[in-house]
Amino acid sequence: MAMKQRLGVNIDHVATLRNARGGAYPDPVRAALMAEAAGADGITAHLREDRRHIRDADIEALMAELTTPLNFEMAATSEMHAIALRLKPHAVCIVPEKREECTTEGGLEVAADQSRLTDFIAPLAQAGCRVSLFVAADERQLEACARVGAAVVELHTGAYSDFHAEGHTQAATDELARITRCAAFADDLDLEVHAGHGLTFDNVAPIAALPQVAELNIGHFLIGEAVFMGLASAIAEMRRLMDDARG
Ligand code: PXP
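What you see is a predicted model, and the numbers here were worked out from it, not measured in a lab. Residue numbering note: each chain is counted from 1, following its sequence as written. With pLDDT at 70 or above as the cut-off, local features in this predicted model cover only qualifying residues; side-chain atom pairs require 80 or more to be listed or tallied, and sums for whole chains, interfaces and linings still use all residues. No hydrogens and no water enter the side-chain calculation; it runs on all heavy atoms of the structure.

Chemist: Any chance you could explain the sheet that holds strand 1 (residues 6-10) here in plain terms?
Modeler: Two strands in a sheet stick together by hydrogen bonds in their backbones, pointing the same way (parallel) or opposite ways (antiparallel). One requirement defines pairing of two strands: DSSP has to find at least two bridges between them. Secondary structure elements are taken from DSSP: a helix is a run of H or I of four residues or more, a strand is a run of E of two residues or more, and numbering for both begins at the N terminus. Pairing is parallel in the closed barrel, where eight strands are placed in the order 1-2-3-4-5-6-7-8. Pairs of neighbouring strands in the sheet enclose a mean axial angle of 25 degrees, with direction left out of account. The pairing of strand 2 (residues 42-46) with strand 3 (residues 70-74) spans four bridges and is classified as parallel. Bridge pairing links isoleucine 43 to leucine 70 in strand 3. Whether two residues are in contact is decided by their heavy atoms, any of which lying within 4.5 Å being enough. Axis definition: a line fitted to C-alpha atoms, limited for helices to the stretch in contact. Angles are taken between N-to-C directions and run from 0 to 180 degrees. Of the strands in this sheet, strand 3, strand 4 (91-94) and strand 5 (130-135) are in contact with helix 5 (residues 114-126), which crosses strand 5 at around 145 degrees.

Chemist: Even after reading the chapter, I still don't get the pairing of strand 6 (residues 152-156), so can you show me in this structure?
Modeler: Side-chain direction in a regular strand flips from residue to residue, so the side chains alternate between the two faces of the sheet. With five of its five residues buried, strand 6 lies for the most part within the structure. Remark: exposure states derive from per-residue accessible area (1.4 Å probe, protein chains only) relative to the maximum for the residue type, with buried under 20%, exposed over 50%, and partly exposed in between. Alternating residues of strand 6 divide into Val152, Glu154 and His156 and Val153 and Leu155, and every residue in both groups is buried. Where strand 5 meets strand 6, four bridges bridge the pair, whose relative direction is parallel. Note that in strand 6 the partner of valine 135 across the bridge is leucine 155. Handedness is read with the strands pointing away from the viewer; a crossover is right-handed when the path from the first strand over the helix to the second is clockwise. Read from strand 5 through helix 6 (residues 139-147) to strand 6, the crossover connection turns out right-handed. Summarising the sheet, strand 6 and strand 7 (residues 192-196) pair through five bridges and their orientation is parallel. If you follow glutamate 154 over to strand 7, its bridge partner there is histidine 194.

Function cannot be read off these values alone, since they describe shape.
Below, the structure is given as structure tokens:
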């Protein structure tokens, strides 16, 4: 049996809902604590440059209250670098960020930005953060991730998820084959492999089954499904599907 895969629950969209009214509820920290109680192995939160969902105070509260590791998602900017160095979360996942996008659309361009990323990552790693880079399933990018000193890569499953949802079965199969190949390739480079973006009850199994993938980070679907079945039940069902897939 493959090693147990960690489930990181991304609570960004609890904050999206809170911010829609500008008040204090629903509270993403309460959701994070509930997710931990329901079996999440860690909590992921993305402090975007425009603070459209998670805010600085949420990150501070998560650092103070979580009993599982915080995976702090951020862009490679000097502002975020300073915040991460001050708070020293367990993990820092560096993602590309464009103001006009509604979610993280593509993977990080690591190969073309190696010297800047090397300098960006080193102080974070020295501060004890496990640095992860969110990249497309592309061998060239993975080789660059190893060169710049990342401990972890998170493979972007957004294209696979979109093809799956749109019924483009062949394209989804091709993308899954790329992710499968790249998970093994990254593991050979001694990178810890995570995956995420767009994962749902319907599409999670083939990704969860990949033996090298140590962690999945899942947010939007779980928070949406919580409206119908409750957050704890949604997390428990995702956990069950992951465990079944690893058999
Ligand atoms: N992993 C990373 C690096 C992400 O940026 C996101 C989205 O914030 C996710 C995982 C989770 O994606 P989703 O909300 O679609 O499950």
